[in-house]
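Results of the structural survey
The chain contents come next:
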Amino acid sequence: KALNHLDDALESYKQVVSLLPGSEYAEEATKAIEAIYKSRKQMDKFNEYMEQNSIGDTEDGSYKENMNFRTAEQIYKSGDFRQAVTTLLKYLDEFPGGANNVQAKYYLADSYRELQDKEKAGEFFRQVAESVAVSPTDLLIPFIIVKGRDFSSSSRKLSGSLCGLTICNVSS
């Protein structure tokens, strides 16, 4: 019964968007539509709806890219790592030079790690490391930390220079 109410609400919000395009009401209705699809873990359907109705289109395609990345990110953050792998690979295939590619590759590497596929995890962790600009000194810091020495200023430098990138040993 609750599902029917959500379906009714979804259709009503879609009517608002259709009848009042560009208005603040349409913007709020679009957010509600997104929330419903997100609660159902159907962000692909939300993206499809947005695309079919040319909502949020930009000439450079950045809106579509961002929506596809956000969908993949939500799936990853929900812990559905098998679906995350599929969605992230699709994102990387569709947007090979995308603005979120490094983050997508990190999520992909971590998803493979969660799925116990060390080979693929290592491959994508290496791609992430190669994409992040670091100095030769920064590359030594993880080895210093791993050896158990307390270089607290070094670890602060590491997290700042790698933008929060988590370093882990995928070869064990």
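We now turn to the structure provided with this report. (Residues numbered from 1 in each chain as written. Predicted model: local features only at pLDDT ≥ 70, side-chain atom pairs only at ≥ 80, totals over all residues. Heavy atoms only, no water.)

Now for the nonpolar core. Within the largest apolar cluster, 22 residues are counted, with the highest numbers of intra-cluster contacts made by L88 and L108. When contributions to this core are tallied by element, the ones reaching two or more residues are α4 (62–78), α5 (81–94), α6 (101–114) and α7 (118–131). Leave out the neighbours within four places in its chain, and L88 touches A72, A104, Y107, L108 and S111. Core analysis: the second largest hydrophobic core is formed by 12 residues, A29, I33, I36 and Y49 among them. (Core = buried A, V, L, I, M, F, W, Y, C linked by side-chain atoms within 4.5 Å. Buried < 20%, exposed > 50% of the residue type's maximum accessible area, 1.4 Å probe, protein only. Helix = DSSP H or I, 4+ residues; strand = E, 2+ residues; numbered from the N terminus. Contact = heavy atoms within 4.5 Å.)

So, about α6. The end-to-end C-alpha separation of α6 is 20 Å, in line with the 20 Å expected for 14 residues at 1.5 Å each. The complete set of buried residues in α6 reads N101, A104, Y106, Y107, L108, A109, D110, S111 and Y112. Considering only its buried residues, α6 is in contact with α4, α5 and α7. (Expected span 1.5 Å × (residues − 1).)

This brings us to the pattern of salt bridges. This structure, assessed with the given rule, holds eight salt bridges. A salt bridge links R70 to E34; the nearest nitrogen and oxygen atoms lie 2.4 Å apart. Of the two residues, R70 is situated in helix α4 and E34 in helix α2 (residues 24–39); the sequence distance between them amounts to 36 residues. Taking relative accessible area as the criterion, R70 reaches 28% and is therefore assigned partly exposed. One salt bridge in this structure joins E114 and R113, with 3.0 Å as the shortest N-O distance. Residue classification places R113 among the partly exposed positions, given a relative accessible area of 33%. A single network of salt bridges, built from pairs that share partners, joins E27, E28 and K31. (Salt bridge = Lys/Arg side-chain N within 4 Å of Asp/Glu carboxyl O.)

Now for α5. With 14 residues, α5 should reach 20 Å at 1.5 Å per residue; the first-to-last C-alpha distance of 20 Å fits that figure. By the burial criterion, the buried members of α5 are F81, A84, V85, T87, L88, Y91 and L92. On its buried face, α5 sits against α4, α6 and α7.

Attention now moves to the packing of aromatic side chains. For the structure on display, the rule yields nine aromatic pairs. Both rings, one in Y76 and one in F81, keep their centres 5.9 Å apart while their planes meet at 70°; by these two values the pair is edge-to-face. With respect to burial, Y76 and F81 carry one shared label: buried. Ring geometry for Y91 and F95: centres 5.5 Å apart, planes at 35°, overall tilted. Since its relative accessible area comes to 2%, Y91 is described here as buried. Residue classification places F95 among the buried residues on the basis of a relative accessible area of 14%. (Phe/Tyr/Trp six-rings, centres within 6.5 Å; stacked < 30°, edge-to-face > 60°.)

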